[in-house]
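# What the coordinates show
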Amino acid sequence: MTTAEIGVFGGSGFYAFLDDPEEILVDTPYGKPAAAVTVGSIAGRRVAFIPRHGKDHEFPPHRVPYRANVWAMKELGVTRLFGPSAAGSLRRDIPPRTFVVCDQAIDLTKSRENTFFDGPITTHVSFADPYCPVLRQGLVGASVELGIDHRVGGTMVVIEGPRFSTRAESKMFATVGGDVIGMTQFPEAALAKELELCFANVALVTDYDVGVDGIAPVSHAEVLKVFGENLDKLRDLLFAAIPRVPEDRSGCDCSHALGGSGHD
Ligand SMILES: [Zn+2]
């Protein structure tokens, strides 16, 4: 049964999305998702929303039930998934309040359940391009339409957390090509790929990371403050991006991501 075709995960400070939602309790083989799923309509499209950290931010980044969250979306019929997040900037030329439509990512997480293929069925999903080009295009188009400061493309470094980086770590992340840094894109993006969902991120830059020269360390309260001030913008951006999602999935390869892996 298709209850929704498009899914949205809320990040820190982003706990409600739809105007007139219906609440659905979903259970999965991986336990319950972080919160009840809310489902509603945007421009005639059925949309499901889960705050990935739970309704009251009770799941820190390393404890988010990523597998249950992504599975619940699939169970409801979702084929397209937006996973926006807050992020720190690793570069002076990406200032706070910029929206980065990431096209690459580096996974430096350590202790998370990061696959649906735990055996006996084994597969190795292609992950060269973690983000769906069609959804990314929708996010960029919506940013242009709304006049939102944005950056097309960027590499998200995903750290384990919950602590922030040391200055040396932060400098290293920039040196290896990172543009922004967060704690939740993995395993979320990889799990979506394993279920052959289209997945895209837009990162709202809340602060400069500590490796950017001359920057004082940030507190979580400051991060939440900037995020809160820009939450309406993020919501508007997603509302404008959703109608841009094409009905059919012929424009990308996400729907057969497992093809050639020996399990399709
Ligand atoms: Zn796709």
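Residues numbered from 1 in each chain as written. Predicted model: local features only at pLDDT ≥ 70, side-chain atom pairs only at ≥ 80, totals over all residues.

### Quick notes on the sheet that holds strand S12 (residues 198-200)
Reading across from one edge, S2-S3-S4-S1-S5-S12 is the order of the six strands in this open sheet, with mixed pairing throughout. On the outer flanks of this sheet lie strand S2 (22-24) and S12, each paired with one strand and no other. Direction aside, the axes of adjacent strands within the sheet are offset by 25 degrees on average. In the packing of helix H1 (residues 66-75) onto the sheet, the strands contacted are strand S1 (6-10), strand S3 (37-42), strand S4 (45-51) and strand S5 (80-82), and the crossing angle to S4 comes to about 165 degrees. (Pairing = 2+ DSSP bridges. Helix = DSSP H or I, 4+ residues; strand = E, 2+ residues; numbered from the N terminus. Axes fitted to C-alpha atoms, helices over the stretch in contact; angles between N-to-C directions. Contact = placed C-beta atoms within 7 Å.)

### A short note on the pairing of S4
Both faces of the sheet carry side chains from a regular strand, because those side chains alternate between them. Burial of S4 is extensive: five of the seven residues sit out of reach of the surface. Here S1 pairs with S4 via five bridges, running parallel. In the sheet register, Gly 10 faces S4, and the bridge partner there is Pro 51. Relative to S4, S3 is paired through five bridges, and the arrangement is antiparallel. Across the sheet, Thr 38 pairs through a bridge with Phe 49, a residue of S4. Adjacent in sequence and paired antiparallel, S3 and S4 are bridged by two residues, among which Ala 43 carries a positive phi angle near 50 degrees. (Buried ≥ 20, exposed ≤ 12 C-beta atoms within 10 Å, placed from the backbone.)

### Re the environment of Val 245
The topology assignment puts Val 245 in the segment after helix H5 (220-241). Residue classification places Val 245 among the buried positions, given that 23 C-beta atoms sit within 10 Å. For the pair Val 245 and Met 172, spaced 73 residues apart in the sequence, the C-alpha separation amounts to 36 Å. Dropping the residues within four chain positions of it, Val 245 is found in contact with Ile 6, Arg 80, Leu 135 and Gly 138.

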